[in-house]
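Examination of the molecular architecture
Given next are the chains, with one letter for each unit.
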Amino acid sequence: MLISFIIQFSALWFLSQAQKKHFKLVFNIPFTTYIEKKFKGLGWILLLLSYGVALIFENIPMASVYWLSFLSLNILSVTIFNSFYAYKFKKV
Amino acid sequence: MKPDFRRNMIWLHTYSGLLIGWLLFAIFVTGTLSYFTPEISQWMKPELGSQTTSNKLINKSLQMLKQKSDKSERWQINLPTQRSNQFTLSWWIKENNKTKRNVVTLNSQTFNEIHVRDTHGGNFFRTFHYTLELRQYGGRYFAGIAAMVMLIGIFTGIFTHRRFFQDFFTIRVKKLMKTVTDLHAIVGVITLPFCFVISFSALLIYISLYMPWSAEHHFDNGYRELNSKVTTSLPKLISANKTVEPLIDLEPILAKVEKAWPEHSAITHLIYERPFDLNGRIVIYRQAKMSLSNKSEILAFNAKSGELLEAIAPERTARMIRRIFYGLHEAHFAQPVLRWLLFFMGVASCILIGSGLIIWLKKRLDKLKQRHFGHTLVERLNIAGICGLILAVVSYFYANRLIPINLESRAVLEVNVFLFVWFASFIYSFLRPALKAWLELLFLNGIAFLMLPILDLVINPHWLIQAIEYKNMAYIGFNLALIISGGICLMFYYWLRKTDLKTHIKINNTNHEEQILC
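Keep in mind it's a predicted model, so treat the numbers as computed, not measured.

**What about the sheet that holds strand β2 (residues 88-95) of chain B?**
Residue and element names in this part refer to chain B. With respect to topology, six strands assemble into an open sheet ordered β3-β2-β1-β4-β5-β6, the strand pairing being antiparallel. Only two strands of the sheet have a single neighbouring strand rather than two, namely β3 (98-105) and β6 (298-302). On average, each strand axis in the sheet is tilted by 15° relative to the strand beside it, whichever way the strands run. Here six bridges tie strand β4 (residues 267-273) to strand β5 (residues 281-286), and the two strands are oriented antiparallel to one another. Bridge pairing links Tyr272 to Ile282 in β5. Packed on one face of the sheet, helix α3 (residues 56-68) meets β1 (72-78), β2 and β4 and runs near 150° to β1. The strands that helix α11 (residues 251-260) touches are β4, β5 and β6; relative to β6, the one it contacts most, it runs at about 145°.

**Notes on the environment of Leu365 of chain B**
Residues and elements named next belong to chain B. Relative to the helices and strands, Leu365 is located in helix α13 (residues 336-367). On the basis of relative accessible area, Leu365 is assigned to the buried category, the value being 7%. Residues Leu365 and His375, spaced ten residues apart in sequence, show a C-alpha to C-alpha distance of 7.8 Å.

**Observations regarding the nonpolar core**
Residues and elements named next belong to chain B. If you look at the biggest cluster of nonpolar residues, it comprises 118 residues, and the most contacted ones within it are Phe28, Phe125, Phe333, Phe397 and Phe418. Each of domain 1 (1-45 + 121-230 + 360-367) and domain 3 (370-518) gives at least three residues to this core. Filtering out sequence-adjacent residues up to four positions away, Phe397 remains in contact with Ile40, Trp43, Met44, Phe125, Leu452, Phe478 and Leu482.

**Points about the UniProt feature "transmembrane region" (unreviewed entry) in chain B**
The sites that carry the UniProt feature "transmembrane region" (unreviewed entry) are, in the present numbering, residues 12-36, 141-162, 183-209, 340-361, 381-399, 411-431, 438-455 and 475-496 of chain B. Annotation note: span residues 411-431 of chain B, helix share 100%, strand share 0%, distance between end C-alpha atoms 31 Å.

**Quick look at the UniProt feature "transmembrane region" (unreviewed entry) in chain A**
Residues and elements named next belong to chain A. In the UniProt entry, the feature "transmembrane region" (unreviewed entry) is given for residues 42-58 and 65-87. Taken as a whole, residues 42-58 contains 94% helix and 0% strand, while its terminal C-alpha atoms sit 25 Å from one another. A distance of 33 Å separates the end C-alpha atoms of residues 65-87, which is 100% helix and 0% strand.

**A few points about the pairing of β2 of chain B**
Residues and elements named next belong to chain B. Burial runs high along β2: six of the eight residues are buried. With eight bridges connecting them, β2 and β3 associate as antiparallel partners. What sits directly across from Glu95, in β3, is Lys98. Turn length for the β2-β3 hairpin, with the two strands adjacent in sequence and antiparallel, is two residues, and the turn residue Asn96 shows positive phi of about 50°.

**So, the interface of chain B and chain A**
Chain B puts 24 residues into the contact, and the matching count from chain A is 23 residues. Of the roughly 2,300 Å² buried where chain B meets chain A, counting both sides, 75% is carbon and sulfur surface. Inspection of the region where chain B meets chain A yields zero salt bridges. Across the chain B-chain A interface, the total number found is one residue pair in polar contact (both at pLDDT 80 or more). Counting only elements with at least two residues in the side of chain B that touches chain A, the list comes to α6 (176-190) and α13 of chain B. Considering every element that reaches the side of chain B that touches chain A, the biggest residue donor is α13 of chain B, with five residues. Residue classes in the side of chain B that touches chain A are distributed as 16 nonpolar, four polar and four charged.

How each quantity is defined
Residues numbered from 1 in each chain as written. Chains lettered and ligands numbered in written order. Predicted model: local features only at pLDDT ≥ 70, side-chain atom pairs only at ≥ 80, totals over all residues. Heavy atoms only, no water. Pairing = 2+ DSSP bridges. Helix = DSSP H or I, 4+ residues; strand = E, 2+ residues; numbered from the N terminus. Axes fitted to C-alpha atoms, helices over the stretch in contact; angles between N-to-C directions. Contact = heavy atoms within 4.5 Å. Buried < 20%, exposed > 50% of the residue type's maximum accessible area, 1.4 Å probe, protein only. Core = buried A, V, L, I, M, F, W, Y, C linked by side-chain atoms within 4.5 Å. Domains from an automatic or database assignment. UniProt positions renumbered as here; feature names shortened; annotations may be inferred. Buried area = accessible area lost by both parts, 1.4 Å probe. Salt bridge = Lys/Arg side-chain N within 4 Å of Asp/Glu carboxyl O. Polar contact = N/O pair within 3.5 Å; in protein donor to acceptor, adjacent residues only side chain to side chain. Nonpolar A, V, L, I, M, F, W, Y, C, P; charged D, E, K, R; others polar.

Take a look at the structure:
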């Protein structure tokens, strides 16, 4: 389950970086459509993968509850990560 | 989407939230605490100590029950689990056409009787979150209305935030109100599925209360009759009118249980029906872990032959769906990690509601030249509803340790302390300037949380020492949770004070003294 949690965190981080607003807080390179597509694609693939991994450990209903709970925690974690990064480098 | 529609949604979101926000906050705080009902009860009943569990307890318990009475109609053994340290034996005796239940709480190591203090324990928060201590006065209807309003708030909230997905990965941390607004948006997103499931399932649980008309129209006995028709259970046990000695060695049956439930065979309790009858039946209840449904997983055996009896027939799909929502609401299946995750989402929901109430007031006060009583009332209700409620919760724990054990109706007194402190904090919020009241109550909360484990240690150090010795994580974890809660309250207090000081300096420099009062 921990593996699913980590994969999901990575997925959400990529999805957050697929948005210009968040990307420019972290990277110093220009945001392009190519980057957006790559990050978005990778994010969605990892998100699906994290659910698949959760299904290995639990039955479908239980895995879904775990996965949704992880989703909430990971969105908050990515938010805190982005906010902290932005705050640290005084971009907000 | 027409702009008018969005404006209507914003209006509905704002005022539905304001109207019932404090009630929702109280329901969510107590509901969130209910995820740890057995753990809280464990801390509040320290006389129980740290119990060890084993299936070996069953045989000894059966022997003990046999000695209690030879006229028992039914026996029940509740085994201690990782979450609950209650080890109880119950037996029912028929006297003058009435069946009387007798209960004894035991120490699992010595089998000596334990006299536990009179307290509602964590169960108080569980019942409060849906009855509001007004069971006879429509408390469950108020809770139902609150759940309905929460659903409205969730859906209108989606329309209120235009850049729903663009915004939810950042929080602006430099300005207090921007932080609160971003926090409101982010927790709104992350708790969306949680709040929907909790509010919807709350309505489903008491559907018979909120929508009784259909059942009343179709059945003479209303929902009760409908319930009995759609619920499947074991067939009624008919007496053989032949007395036999009860079974007191359950090993063969427990072996069958392990075979039937190979993945997870932990038992919470067992019921022995008609132990002195030839047709006696033993029903074993599995610890909830594998299924979301709140329907107990059981195995029934013939007490005489030890033969596994026919399983309960599956219920109708609609009934099963309701049971799954019921299970999701109570989360009885949740193991520690998932339980903490659900607790975290409960806390996030409380932050969502609390921040919404603060934003409503702040946005209006910023535009106003002169405030009226409504604003003051909302301001004070925010203080009492948020900080006051937390203080009431911690006071309830203090009452548990400080009210003398032999006092009559001490359980009721504990609840009264909770209600009194909550009310007192409301009065206090009117007596002090708003910001000072926030800060003082926050500080008091922090100190109260931090002092409680110390008080526990001073009253009887043996409780904590035994918990450490037996690695009783429920007891230790509760004390740790108190310390962390106290730390968070104090951190928030210092942060708010620092922000307040900065605001004071800024405002003084620009000669807007009136704003200080806001």
